[in-house]
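# Understanding the architecture of this molecule
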Amino acid sequence: MRARAGNVRIAIKASPRGARAGFAVLDDGSGGAVTFTVLPKPWADGRGIASVMLHTPGTSTHVTLFELDVVEIVTQPTARERIAQGLLETTGGLGGESAARDGYLLERVRQVNAIEGSKRSTAAGSLEDAVRLMLLARRQRSSVGDAGYQGTPEASLLRIVTQQMFLEEVGRVIDRARPRYRTHTETLSTPRGKLSAQGIALSILTGQPAVESTFDELSTDTDVLRIVLAALRVVATDPAPTVFSTIATPLRSRAIDFARRLDSVSILDRERALLAYGRLAISSLDRSWKPALDLSAEVLGRKAIMPKGQESSTAHAISISLYMDKWWEQVLADALRMCADRGTVSEQLSVESPWIGGERGNADFYFDLDGRTILADAKYKLDESGIGAADAYQLFAYSHTADAPRIGKPEGAAVFYPVRGAAAGGTRSVLLRATEPVFHLRLIELPFPSRYDVITDLTWRSYLERLASLIASSIRASAAVDNSVVA
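Now for a quick tour of the structure. What you see is a predicted model, and the numbers here were worked out from it, not measured in a lab. (Residues numbered from 1 in each chain as written. Predicted model: local features only at pLDDT ≥ 70, side-chain atom pairs only at ≥ 80, totals over all residues. Heavy atoms only, no water.)

### Considering the pattern of salt bridges
For the structure on display, the rule yields 18 salt bridges. As a salt-bridge pair, Asp334 and Arg337 come within 3.1 Å of each other at their nearest N and O atoms. With Asp334 and Arg337 both in helix H10 (residues 324-339), this residue pair falls three residues apart, about one helical turn. By relative accessible area, Asp334 is classed as partly exposed at 25%. Between Arg360 and Glu352 there is a salt bridge; the shortest N-O distance is 2.5 Å. Among the charged side chains, a network of salt bridges with common partners joins Asp377, Lys379, Lys381 and Asp391. (Salt bridge = Lys/Arg side-chain N within 4 Å of Asp/Glu carboxyl O. Helix = DSSP H or I, 4+ residues; strand = E, 2+ residues; numbered from the N terminus. Buried < 20%, exposed > 50% of the residue type's maximum accessible area, 1.4 Å probe, protein only.)

### Side note on the side chain of Thr75
Within the secondary structure, Thr75 is located in strand E6 (residues 70-75). On the basis of relative accessible area, Thr75 is assigned to the buried category, the value being 1%. A distance of 3.0 Å separates the side chain of Thr75 from the backbone oxygen of His55, its partner in a polar contact. If we ignore the near neighbours within four places in the chain, the residues touching Thr75 are Asn7, Val8, His55, Pro57, Arg80 and Ile83. (Polar contact = N/O pair within 3.5 Å; in protein donor to acceptor, adjacent residues only side chain to side chain. Contact = heavy atoms within 4.5 Å.)

### Quick notes on the layout of surface pockets
Approximately 750 Å³ is the volume attributed to the largest pocket. If you go around the largest pocket, you meet 23 residues; those closest to its centre are Leu135, Arg139, Glu169, Pro291 and Ile455. For the lining of the largest pocket, the elements supplying multiple residues, two or more each, are helix H3 (128-138), helix H4 (154-173), helix H9 (290-301) and helix H12 (457-486). Of the residues in the lining of the largest pocket, the class split is eight nonpolar, two polar and 13 charged. (1 Å grid on protein atoms, 1.4 Å probe; cavity = no way out; pocket = protein on both sides within 12 Å on 5 of 7 lines; lining within 4 Å. Points joined across faces, edges and corners; volume = space filled by probe spheres on them. Nonpolar A, V, L, I, M, F, W, Y, C, P; charged D, E, K, R; others polar.)

Set out below in structure tokens:
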């Protein structure tokens, strides 16, 4: 991509230490913005890929990156300076120990030489990748907190992403909106259906040719569509912070288009729509609308995009980070509870230091499987040929000092590394402790959830079951080998 005359470049690296996914909006100073979605590195085909994007000041440019990717933004000098300032703002408020350990979501780096040869396309003009990222976070709700997200106005961005998810669901099913039979009671000059005896008598006495009639009629004015329409009206009228205007405006337009297609549906206000949702009994014919209805309730239940008093603090840049190492730990914890012996899974078990006066550590997992005690640690690493030296020494120390009150001393250890979703996973390498008694440390590679595993509750449950099954089969196979070695 050739830069136009007067254009300059700024190189930005996503998640320099490969431990954060997230979303960021950087104001360009001309009414436009550059938005970044940083996706988990297991979703990428490779790592550290460089690309080029052209940004015209005053417009919206969306860039999708994976952790460790580099992008060069080609734009005008004034926009580059504002983008650089925004990068400083997103990192300046996220300092401290966690930032030093994991790095920032976005970081300015030196320009990449010969970037033209390594250029790849990047997503533009859509929040679809941000939706997938938020779906990934929603599948592990325990990670969505101070330890899971970090950023300024979380509620603002997450609400907009929720609205995008809602509109995607509505777009998927709105063509299936079919009329349903509804019971009406009206006074008609041409009677139909069941006639009221009192109405007939009154008509005879008065000579008026009108009788109260009760009849069924096909109509799209159903409770389901009333709730959806109420949520569409909220999306269409919600205010947005200035920095979000470029991504919120298309959502409003799409919500208005959908609402026009439901012009025969009665209008409910927010409170009445929420009450209707709480009383709604979904029939088999309306089951395809359930995801859209659930998201309707989320949209209706939040009062405003903009947190009160935050307009001034969000004028230039916003960044929200998801700590992927912690997220990966929580996914593994859920899988372990499915396959380990009931009630034996312990997380973040405090472990004595092997050194006198040393600081205590924490073992990620401690559990029993078939009565055998296992010590395990989760590491968010890819493309490793074997167990990292630091990980091996850590588990070696824990193997001597770990002792759970209800479980006892570990009889084996494992370190879990993620692999891309399509990979089968399994035991990769084994280390044998040099001191007695016999103790094995195994590297077990486990499939990271794909973009499709996070879409629905059903696909997510299926993924966790596959993960639990692979963990159990790998550890049981290891136990069989250990027993043969001892024998």
